[in-house]
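A structural walkthrough
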Amino acid sequence: MNREDFTHQVLPPALFTLVLFVGWEAICRAFVVPVTILPAPSNIFDALWEFRAAILDNSWVTLWTTLVGFALATAFGLLLGIAVGWHKSVYAAVYPVLIGFNSVPKVAVVPVLILWFGLGEIPAIITAFLISFFPIVVNVATGLATTEPELEDVLRALGASKLDVMRKVGIPRSLPYFFGSLKVAITLAFVGAVVSETVGANKGIGKLMLDAQAAFQVSIVFAGLLVLAVLGIVLYAATALIEKRFTGWAFRGQNR
Amino acid sequence: MQEALVVLENVSLAYGKGASATKAIDDVTLTIRKGEFVAVVGPSGCGKSSLMKLISGLHPPLNGRLAVDGKPVTSPLKSVGMAFQSSNLLPWRSCIDNVLLPLEIVQPHRSKIRSDRDKYKAKAKGLLESVGLTGFTEQFPWQLSGGMQQRASICRALIHEPEILMLDEPFGALDAFTREELWCTLRDIQAQRKVTVMLVTHDLREAVFLADTVYVMSNRPGSILKKCDVALPRPRDLEVTYTQEFQNVVHELRALIGRKHQ
């Protein structure tokens with residue numbers, strides 16, 4: 001990393017976050033806010049350190065259920081997106097159901113999943129999957145549907161099959177849409193896993209926060225929130241990095 | 001007189017079906033010889049591009065007879081190279097990989113491109129150099145100027161040595177100087193390779209400068225108003241566009257197109 005990258009990309013977010021926490025701490029101290037309402041960052045970090053073993057243990061469960069759900073969503077979303085973008089009739093057949101399905105709040109589905117699979121990691125994985133595949137489908141299908149008709153003519157005039165057009169143009173063209181949607185999907189998958197854990201689970205950050213809330217341990221609740229935020233940023237950054245690696249051509253002019 | 005490559009007899013074409021169908025081309029009869037340079041001019045929306053789609057087999061005729069190389073056209077021909085007003089180069093492929101694209105589709109190259117990649121690359125490089133893109137082969141399309149992109153696009157249309165080169169207003173988006181430069185490039189390519197060219201254009205000077213035969217189409221539904229043989233001797237230099245003879249031909253064509261609007 002050179003100096004310019006540091007001053008433009010690392011310093012501003014670090015400073016901003018620091019200011020945010022300092023301001024929060026200052027407000028809590030100045031107005032003597034009770035710990036049970038809003039704990040100051042210092043309280044939260046204390047709790048984070050004190051209960052590090054439990055938090056780490058539960059974070060790990062949330063992380064891997066999220067990732068498994070996200071992986072399923074990626075594979076399924078990609079396949080369904082290609083199918084939907086492939087032909088108008090598939091699009092017409094699937095879309096209303098997809099939208100209806102996406103409109104159902106996933107919290108409402110979790111009790112059913114628990115009924116079927118019992119308390120454990122599986123409902124969390126499935127919820128993460130259900131909530132995150134939709135944007136992938138929509139984006140892949142959009143990428144495929146917006147292939148320039150003239151380019152398709154160029155290839156068809158060479159005797160290219162539909163599959164050829166997909167392989168040579170459609171799919172590479174929809175990759176930026178696909179990777180873009182992964183950034184949205186990973187955060188959604190995370191939300192899905194945590195939501196499922198707060199409805200019913202025996203492990204995970206969501207479950208930990210629920211227990212802490214019941215015991216009036218507000219600092220631990222906030223420690224959980226903080227861990228969730230950090231994990232969310234890390235996961236987002238990881239997918240953004242993958243996106244940039246694979247579809248650098250779509251970011252032309254920004255970094256060149 | 002060389003043999004006929006493309007034959008159209010009383011061909012019509014319509015988009016849509018039944019009562020709502022709009023006729024784009026009406027009763028067109030024409031013959032394109034092997035190696036001939038044909039230009040089609042006409043007011044916008046007169047079905048010039050439809051004529052191109054028709055001949056390349058991308059859109060079936062409503063009625064009439066359409067044959068290429070003696071065989072009736074029922075599905076997309078596999079020996080057509082196409083280029084359009086926008087270069088349509090794939091932004092994730094370098095210039096040379098864009099030119100190689102047709103070879104990944106058309107047989108027999110398709111099954112050989114992996115094993116003979118170096119040979120094909122050399123061929124593509126030679127082609128790009130012949131249109132003045134030496135040193136730009138590994139650049140990405142968005143690093144090239146509009147004129148360069150269009151040159152690469154024409155190379156892509158030529159790499160598989162098609163029998164017919166179809167150009168749909170390929171120079172429409174370029175500035176006047178670049179356009180004239182590319183006229184000369186196209187003129188040289190055609191003279192060298194004896195490829196049959198069908199050029200759809202709005203630009204009458206372009207049509208007369210490049211073509212052996214200019215067809216003037218009427219307003220929609222398009223039909224052939226006039227076939228005009230350009231008698232100017234080849235090779236033609238840009239200077240020819242300033243001669244009286246050239247101006248006369250352009251003027252005559254302009255009168256045919258202007259008629260319906262005035």
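The structure we're discussing is the one just above.
We now turn to the structure provided with this report.

Rules behind the numbers
Residues numbered from 1 in each chain as written. Chains lettered and ligands numbered in written order. Predicted model: local features only at pLDDT ≥ 70, side-chain atom pairs only at ≥ 80, totals over all residues. Helix = DSSP H or I, 4+ residues; strand = E, 2+ residues; numbered from the N terminus. Buried ≥ 20, exposed ≤ 12 C-beta atoms within 10 Å, placed from the backbone. Contact = placed C-beta atoms within 7 Å. Nonpolar A, V, L, I, M, F, W, Y, C, P; charged D, E, K, R; others polar. Pairing = 2+ DSSP bridges. Axes fitted to C-alpha atoms, helices over the stretch in contact; angles between N-to-C directions. Core = buried A, V, L, I, M, F, W, Y, C linked by C-beta atoms within 7 Å. Parallel < 35°, antiparallel > 145°, perpendicular 65-115°, else oblique.

1. A closer look at the overall build of chain A
Along its length, chain A carries 10 helices and zero strands. Starting at the N terminus and walking to the C terminus, you meet the elements of chain A as α-α-α-α-α-α-α-α-α-α. Each of the three principal axes of chain A carries a C-alpha extent, and together these read 75 × 55 × 30 Å. Among the 256 residues that make up chain A, the fraction classed as buried is 37%.

2. Section: the environment of G126 of chain B
Residues and elements named next belong to chain B. Assignment of secondary structure puts G126 in helix α4 (residues 117-130). Residue class for G126 comes out exposed when judged on the 10 C-beta atoms lying within 10 Å of it. The spatial distance from the C-alpha of G126 to the C-alpha of L8 is 35 Å, given a sequence separation of 118 residues.

3. Things to note about the interface of chain A and chain B
Interface size is commonly expressed as the accessible area that is lost once the parts come together. Across the contact, 17 residues belong to chain A and 20 residues belong to chain B. Only α7 (149-156) and α8 (162-199) of chain A provide two or more residues apiece to the side of chain A that touches chain B. Ranked by the residues each element gives to the side of chain A that touches chain B, the list is headed by α7 of chain A, at six residues. For the side of chain A that touches chain B, the residue count by class is nine nonpolar, one polar and seven charged.

4. Overview of the pairing of strand β3 (residues 37-41) of chain B
All names here are of chain B. Across the five residues of β3, five count as buried, placing the element largely inside the fold. Every second residue of β3 is oriented toward a common face, with F37, A39 and V41 on one face and V38 and V40 on the other, all of them buried. Inspection of the sheet shows β3 paired to strand β9 (residues 213-217) by four bridges, in the parallel sense. By the bridge assignment, V41 is partnered in β9 with V216.

5. Examining the sheet that holds strand β5 (residues 71-72) of chain B
All names here are of chain B. Taking strand neighbours across the sheet as the criterion, the four strands line up as β2-β1-β4-β5 in an open arrangement whose pairing is antiparallel. Only two strands of the sheet have a single neighbouring strand rather than two, namely β2 (22-33) and β5. With eight bridges joining them, strand β1 (residues 4-15) and β2 adopt antiparallel strand pairing. Directly across from L13, in β2, lies its bridge partner I25. Sheet strands touched by helix α1 (residues 48-55): β1, β2 and β4 (63-68). Its angle to β2, the strand with the most contacts, is close to 60°.

6. Side note on the nonpolar core
Ranked by size, the top nonpolar core spans 82 residues in total, and within it V38, V99, M198, L199, A211 and V214 of chain B carry the most contacts. Residue contributions to this core peak at six residues, all from helix α5 (residues 146-158) of chain B. Ignoring any residue separated from it by four or fewer positions in sequence, one finds M198 of chain B in contact with I32, V38, V40, M52, I55, I164 and M166 of chain B. Ranked by size, the runner-up nonpolar core spans 50 residues in total, among them A185, A189, F222 and L235 of chain A.

7. Digging into the packing of helix α3 (residues 52-86) of chain A against helix α4 (residues 88-103) of chain A
All names here are of chain A. One way to put it is that α3 packs onto α4 with a least axis distance of 5 Å and a crossing angle of 125°. Considering their axes alone, α3 and α4 lie oblique with respect to each other. Contact residues: A83, V84 and W86 in α3; V90, Y91 and V94 in α4. A breakdown of the residues in the contact of α3 with α4 according to their chemical character gives six nonpolar, no polar and no charged.

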